[in-house]
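# Per-entry structural report
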Amino acid sequence: MLGLTSLLTEEPAFGDGLRYVEGARRSRTGVRPGAGPVVVWEITRTCNLRCQHCYANAGPGRFEGEMTHEEGRAFIDDLAAFKVPVLLVSGGEPLSRPDTLDLMQYAVSKGIRVTLSTNGTLITPEVARELKRIGVGYVGISIDGTPDVHDRVRRRAGAFARAMRGVRNCAEAGIRVGIRFTIHKDNVHTLPFVLQLLEDEPFDRACFYHLVYSGRGAAEQDVTPEVTRKVVGQLIDQVEDWHQRGIDKEILTVDNHADGAYLYLYMREKDPARAEAIRRRLRMNGGNRSGIAICHVDYQGNVHPDQFTQHHTFGNVRERSFGEIWSDESHDLLKGLRDREERLHGRCKDCVLYDVCGGNFRTRAEAVYGDFWAPDPACYLTDEEIHDQMLRGESA
């Protein structure tokens, strides 16, 4: 996750303490000093929608093997013992599970910051007030573009209107709420609409996700590298425009760590001093941290490197504690993610900006090339950029 607003404006954001501080960078243990990773919990795979790019293949009906309420509480106890700082409750549609609010309240009571990722359609005024009462720190609601595009992507007429009601209900209850927008061929043309929506409606921030090839999200749905560069440039320009106009909205990009390298190169042309300050902060983070500072636990209790890499499992929290699983480097892939520079090859191996990207997303590489350590096909840096030796030693 790249905090464009924080990096460009130096305005502090909550996530900075997890991303841009000494000690946040990858380590051999995969755990930041004194704390475990951010955990994404797919609390249920059940969903009232069936979105075309869903990484979880979620949909209506119950899925076999969902963790029980008691198992969920025990899992939360493990997270608290391992000093997990943030629990992102996801799905499926998490609010389709009857005890989700109770489990989130329990996590908050254990000192974990809880955030919610939702399609927003089930957030009534009563649900929003309850989210506020139990102390949920942030709610991210998926918006896929204009109303017609959103409804088509979500495969449900009226989904956009219901999501926006959920947004306004959260805002009225005093909850921080933001957009989650996944960029793909069917909606990239709606970006201007989404940015204007962000400005006009009670959103605090927007996370712009690059498509990861997992579940129903396929490589064929992705935009070209040229389009990606244009989109990230538009987002950078929007951040600077809002900052100049005094509009307090935050923009982040997610799931393509070439964004950090591109931001540095973009700013290097405009303001070299600011660019070097940005690169220093990006080096603290180190880029992709799947299996290092973020992980995914699915509805059955299986532990994965991230929510898009569910075909690789390190263990199950029904059988061993989360902390034991996450600390056990006898699993070759978990160890490899924490020492990946020696395993990467091709463009990633040669890249002079590896220090701010970390090799990007392994799941995309495996989906396209059948090789977990191959270059990420969604990297949009040019050959000239990744081989520019003048960049290698800068900000070292």
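Residues numbered from 1 in each chain as written. Predicted model: local features only at pLDDT ≥ 70, side-chain atom pairs only at ≥ 80, totals over all residues. Heavy atoms only, no water.

The chain goes by Mycofactocin maturase MftC in an unreviewed UniProt entry, where it is assigned to Kyrpidia tusciae. Recorded in UniProt under Cofactor (unreviewed entry), the annotation for the chain is "[4Fe-4S] cluster". (UniProt positions renumbered as here; feature names shortened; annotations may be inferred.)

Once that is clear, we can look at the overall build of the chain. Each helix and strand in the chain was counted, giving 17 helices and ten strands. In summary, the chain has a C-alpha radius of gyration of 20 Å against a globular reference of 21 Å for 396 residues, a match within 12%. Taking the principal axes of the C-alpha coordinates as reference, the chain spans close to 55 × 50 × 35 Å. Taken across its 396 residues, the chain has 61% of its residues classed as buried. Excluding contacts between residues fewer than 6 apart, the proportion of contacts in the chain whose partners are at least 24 apart in sequence is 73%. (Helix = DSSP H or I, 4+ residues; strand = E, 2+ residues; numbered from the N terminus. Rg over C-alpha atoms; globule rule 2.2 N^0.38 Å. Buried < 20%, exposed > 50% of the residue type's maximum accessible area, 1.4 Å probe, protein only. Contact = heavy atoms within 4.5 Å.)

Listed as buried for helix 5 (residues 125-134) are Val-127, Ala-128, Leu-131 and Ile-134. Looking down the long axis of helix 5, one finds its buried residues gathered within 135° of arc, a one-sided arrangement. Contacts from the buried residues of helix 5 go to helix 4 (100-109), strand 3 (113-118), strand 4 (138-142) and helix 7 (159-173). Directly beyond the C-terminal end of helix 5, a positive phi value near 95° is found at Gly-135. (Arc of directions from axis to C-beta.)

The next subject is the pairing of strand 7 (residues 250-254). Here strand 7 lies mainly inside the structure; five of its five residues are buried. Along strand 7, one buried face is formed by Glu-250, Leu-252 and Val-254 and the opposite face, lined by Ile-251 and Thr-253, is buried too. One ladder, built from five bridges, connects strand 6 (residues 205-210) with strand 7; its direction is parallel. Counted as the bridge partner of Cys-207 is Leu-252 from strand 7. In this fold, strand 6 hands off to helix 9 (residues 225-245), which returns the chain to strand 7; that crossover is right-handed. (Pairing = 2+ DSSP bridges. Right-handed = clockwise from strand over helix to strand, strands pointing away.)

In this section: empty space enclosed by the protein. Summed over all chains, the structure comprises six cavities of 30 Å³ or more. Counted as a void, the second largest cavity has a volume near 430 Å³. If you go around the second largest cavity, you meet 28 residues; those closest to its centre are His-53, Tyr-55, Ser-142, Arg-154 and Arg-180. Counted by class, the lining of the second largest cavity contains twelve nonpolar, ten polar and six charged residues. (1 Å grid on protein atoms, 1.4 Å probe; cavity = no way out; pocket = protein on both sides within 12 Å on 5 of 7 lines; lining within 4 Å. Points joined across faces, edges and corners; volume = space filled by probe spheres on them. Nonpolar A, V, L, I, M, F, W, Y, C, P; charged D, E, K, R; others polar.)

A word on the environment of Gly-336. Along the chain, Gly-336 turns up in helix 13 (residues 332-337). The spacing of Gly-336 and Gly-291 is 45 residues in sequence and 9.1 Å in space, taken between C-alpha atoms. Not counting the four nearest positions on each side in its chain, Gly-336 is found in contact with Arg-343 and Trp-373.

On to the pairing of strand 6. Of all six residues making up strand 6, six are buried, and the element is well covered by its neighbours. Of the two faces of strand 6, the one lined by Arg-205, Cys-207 and Tyr-209 and the one lined by Ala-206, Phe-208 and His-210 are each fully buried. As paired strands, strand 5 (residues 177-183) and strand 6 are joined by six bridges and run parallel to one another. Counterpart to Phe-181 in the pairing with strand 6 is Phe-208. Crossover handedness for the path strand 5 to helix 8 (residues 191-200) to strand 6: right-handed.

A few words now on the sheet that holds strand 4. With mixed pairing, the ten strands of this open sheet are ordered in space as 7-6-5-4-3-2-1-8-9-10. Both edges of this open sheet fall to strand 7 and strand 10 (315-316), since each of them pairs with a single strand only. Here strand 8 (residues 294-297) runs beside strand 9 (residues 302-304); their pairing, made up of two bridges, is antiparallel. Note that in strand 9 the partner of Val-297 across the bridge is Val-303.

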